[in-house]
Amino acid sequence: MSDAESFYDAVGGADTFHRLVAAFYRGVAADPELRPMYPEEDLGPAEVRFRMFLEQYWGGPKTYSDERGHPRLRMRHAPFAVTPSSRDRWLGHMRAALDEIALPPDRDEEIWRYMVMAAHSMVNTDEPHYPGAIDVSGN
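Residues numbered from 1 in each chain as written. Predicted model: local features only at pLDDT ≥ 70, side-chain atom pairs only at ≥ 80, totals over all residues. Heavy atoms only, no water.

**Regarding the side chain of Gln56**
- In this structure, Gln56 sits in helix H3 (residues 40-57).
- Setting aside residues no more than four positions away along its own chain, Gln56 makes contact with Pro61, Lys62, Thr63, Tyr64 and Ser65. (Helix = DSSP H or I, 4+ residues; strand = E, 2+ residues; numbered from the N terminus. Contact = heavy atoms within 4.5 Å.)

Written as structure tokens, this is what we have:
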């Protein structure tokens, strides 16, 4: 990659990010735990927003900021209960999507590190406590 070439350009630009996000959302759409976070009317727009965000983050067009302003990822995810298990499911779909698009290993590792870091930073809720669960806290 030359000094002037972004990650976005080095991995194939818009086509690569379209394929990545489409593969990811196919997994999310079929996931019984994650799917409820996306009302039917929002699944398609969420896919577009995520793609625009990733394209911008990795050096592509600035469409996301032009249309939506600063990403404010934690704020935008605050209305949703993002638990450790939902994070892990999200990461599972992202890993499958990355495997499907088959980036060169060094590029895959770079974007995967980012996805793991970002997913961990979105967790805002502990796992729910279910009736009948054993309380090990002593309360």
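**Looking at the UniProt feature "binding site: heme" (unreviewed entry) in the protein**
- UniProt's feature table lists "binding site: heme" (unreviewed entry) at His120, given in the numbering used throughout.
- Tracing the backbone shows His120 in helix H7 (residues 105-122). (UniProt positions renumbered as here; feature names shortened; annotations may be inferred.)

**Details of H7**
- With 18 residues, H7 ought to run about 26 Å at 1.5 Å a step, and its terminal C-alpha atoms sit 26 Å apart, in line with that.
- Among the residues of H7, Arg107, Asp108, Ile111, Tyr114, Met115, Ala118, Ala119 and Met122 are the ones counted as buried. The buried residues of H7 occupy an angular sector of 135 degrees when projected down its axis, which confines them to one face. Set apart from the buried face of H7 by more than 90 degrees, the exposed residues are Pro105, Asp106 and Arg113. (Expected span 1.5 Å × (residues − 1). Buried < 20%, exposed > 50% of the residue type's maximum accessible area, 1.4 Å probe, protein only. Arc of directions from axis to C-beta.)

**Focus: the nonpolar core**
- Residues Tyr25, Leu54, Trp90 and Ile111 are the most contacted members of the largest nonpolar core, which totals 32 residues.
- Broken down by secondary-structure element, the contributors of at least two residues to this core are helix H1 (7-10), helix H2 (14-29), H3, helix H6 (84-101) and H7.
- At seven residues, the largest contribution of residues to this core is made by H2.
- When sequence neighbours within four positions are dropped, the list of residues in contact with Trp90 reads Phe24, Leu34, Phe50, Met115 and Ala119. (Core = buried A, V, L, I, M, F, W, Y, C linked by side-chain atoms within 4.5 Å.)

**Things to note about unusual backbone geometry**
- You will see that Ala102, though not glycine, has its phi angle at about 50 degrees, which is positive.
- The topology assignment puts Ala102 in the loop between H6 and H7.
- Its relative accessible area of 56% is what places Ala102 among the exposed residues.

**Comments concerning the packing of H6 against H7**
- In contact at an axis separation of 10 Å, H6 and H7 are set at 165 degrees when each is read in the N-to-C sense. Considered as vectors, H6 and H7 are oriented roughly antiparallel to each other. Read as a crossing pair, H6 and H7 show a hand that is right-handed. Residues Arg87, Trp90, Leu91, Met94, Arg95 and Leu98 of H6 pack against Asp108, Ile111, Trp112, Met115, Val116, Ala119 and His120 of H7. (Axes fitted to C-alpha atoms, helices over the stretch in contact; angles between N-to-C directions. Parallel < 35°, antiparallel > 145°, perpendicular 65-115°, else oblique. Left-handed = near helix turned anticlockwise from the far one by under 90°.)

**Some points on the pattern of salt bridges**
- All told, the structure shown has ten salt bridges when counted by the stated rule.
- Taking the shortest distance from any N to any O, the salt bridge between Arg89 and Asp31 comes out at 3.0 Å. One end of the pair, Arg89, is in helix H6; the other, Asp31, is in the loop between H2 and H3, with 58 residues separating them in the sequence.
- Taking the relative accessible area as the measure of exposure, Arg89 reaches 29% and is therefore partly exposed.
- Looking at Asp31, the relative accessible area reads 4%, which means it is buried.
- Residues Arg51 and Glu55 are paired through a salt bridge, measuring 3.4 Å at the closest nitrogen-oxygen approach. One end of the pair, Arg51, and the other, Glu55, are both in helix H3, four residues apart, so they sit about a helical turn from each other.
- Bridged by salt links that share partners, the residues Asp31, Glu33 and Arg89 form one connected network. (Salt bridge = Lys/Arg side-chain N within 4 Å of Asp/Glu carboxyl O.)

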